[in-house]
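Working through the structure, step by step
Given next are the chains, with one letter for each unit.
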Amino acid sequence: DVKVTQSSRYLVKRTGEKVFLECVQDMDHENMFWYRQDPGLGLRLIYFSYDVKMKEKGDIPEGYSVSREKKERFSLILESASTNQTSMYLCASSPRLDYNEQFFGPGTRLTVL
Amino acid sequence: GESVGLHLPTLSVQEGDNSIINCAYSNSASDYFIWYKQESGKGPQFIIDIRSNMDKRQGQRVTVLLNKTVKHLSLQIAATQPGDSAVYFCAEIYYNQGGKLIFGQGTELSVKP
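Residues numbered from 1 in each chain as written. Chains lettered and ligands numbered in written order. Predicted model: local features only at pLDDT ≥ 70, side-chain atom pairs only at ≥ 80, totals over all residues. Heavy atoms only, no water.

Comments concerning the interface of chain B and chain A
Definition in use: In what follows, residue pairs with any heavy atoms lying within 4.5 Å of each other are defined as contacts. Summed over both partners, buried area is the accessible surface (1.4 Å probe) that two parts give up on being assembled. Should a side-chain nitrogen of Lys or Arg be within 4 Å of a carboxyl oxygen of Asp or Glu, the pair is scored as a salt bridge.
Contact with chain B, which involves 21 residues of that partner, is made by 22 residues of chain A. Summed over both sides, the interface between chain B and chain A buries roughly 1700 Å², with carbon and sulfur atoms accounting for 53% of that surface. Its largest share of buried area at the contact with chain A, chain B owes to Y95, G98 and F103 of chain B, together 26% of the area lost on that side. The tally of links from chain B across to chain A stands at one salt bridge. K100 of chain B is paired through a salt bridge with D59 of chain A; the nearest N and O atoms lie 2.7 Å apart.

The following block contains the structure:
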């Protein structure tokens, strides 16, 4: 079974803090994705990566950056957390670009005070 | 613009009845349409997909119908069970955009025993 793990289930940070969300997949997948999920808005793509050290902006990249130094790990960084970044963050991976199924982690509920 | 939306935010059905979850989309350029199921406290899980040039696809207890004329997608669940209670998302995937998924807002399905 594919396993996608996220470093924290719940996280509380203060405005202005730098926040790191970590995601690890154990199936040697090429592609990794970060989404945020908000009520009424569904899942929105923040960034994705199709190879080590490669990254592409999604639909809402502002205020975020990412890092993919190793194939199995994809990190989401909030340079200076703001209250409007309070959300559920979901990481996903897939084997290749034309593979329809993305495998999701359990999510990190981030609250920015 | 790109958007995938759902007609109803909530759906309540009796156990054993059939469920129909609807989705409207606006962009006809996607490669596949996909349904995901998200149970409480978990990440979304792939259910079934349908290629954009098909009208119908059946899985185990699920059927997806695609009407390209009116840009409408539906997920039918036969003999709905309590374990089907979840939020269901439709999504489009674009291979030429790195396997990017665009999600709808989601419909919450509640199954009454």
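Read on, since the account is not over.
With respect to the sheet that holds strand β8 (residues 73–78) of chain A
Residues and elements named next belong to chain A. Worth spelling out the cut-off: Think of it this way: DSSP has to see at least two bridges between two strands before they count as a pair. Secondary structure follows DSSP: runs of H or I at least 4 residues long count as helices, runs of E at least 2 residues long count as strands, and numbering of each begins at the N terminus. To obtain each axis, a line is fitted to C-alpha atoms, and for helices this fit is confined to the stretch in contact; angles are then taken between N-to-C directions over 0 to 180 degrees.
Reading across from one edge, β1-β3-β8-β7 is the order of the four strands in this open sheet, with antiparallel pairing throughout. Of all strands in the sheet, those bounded by a partner on one side alone are β1 (4–6) and β7 (64–70). This sheet shows a mean twist of 20 degrees between the axes of neighbouring strands, independent of strand direction. Of the strand pairs in this sheet, strand β3 (residues 19–25) and β8 are connected by six bridges, and their pairing is antiparallel. When the bridges of β8 are listed, V24 appears paired with R73.

A short note on the pattern of salt bridges
The line we're drawing: In this scheme, a residue with accessible area under 20% of its type's maximum is buried, one over 50% is exposed, and one in between is partly exposed, where area comes from a 1.4 Å probe on protein chains only.
Using the criterion set out here, one finds 13 salt bridges over all chains in the structure. Residue K71 of chain A pairs with E30 of chain A through a salt bridge whose shortest N-O separation is 3.0 Å. Of the two residues, K71 of chain A sits in the loop between β7 and β8 while E30 of chain A sits in the loop between β3 and β4 (31–38), which places them 41 residues apart along the sequence. In this structure E30 of chain A comes out as partly exposed when scored by relative accessible area, which is 30%. Residues K68 of chain B and D55 of chain B are paired through a salt bridge, measuring 3.3 Å at the closest nitrogen-oxygen approach. With a gap of 13 residues between them, K68 of chain B in the loop between β7 (62–67) and β8 (72–77) and D55 of chain B in the loop between β5 (45–51) and β6 (56–58) connect regions that are remote in the sequence. What emerges from the salt-bridge pattern is a single network uniting D28, E30 and K71 of chain A.

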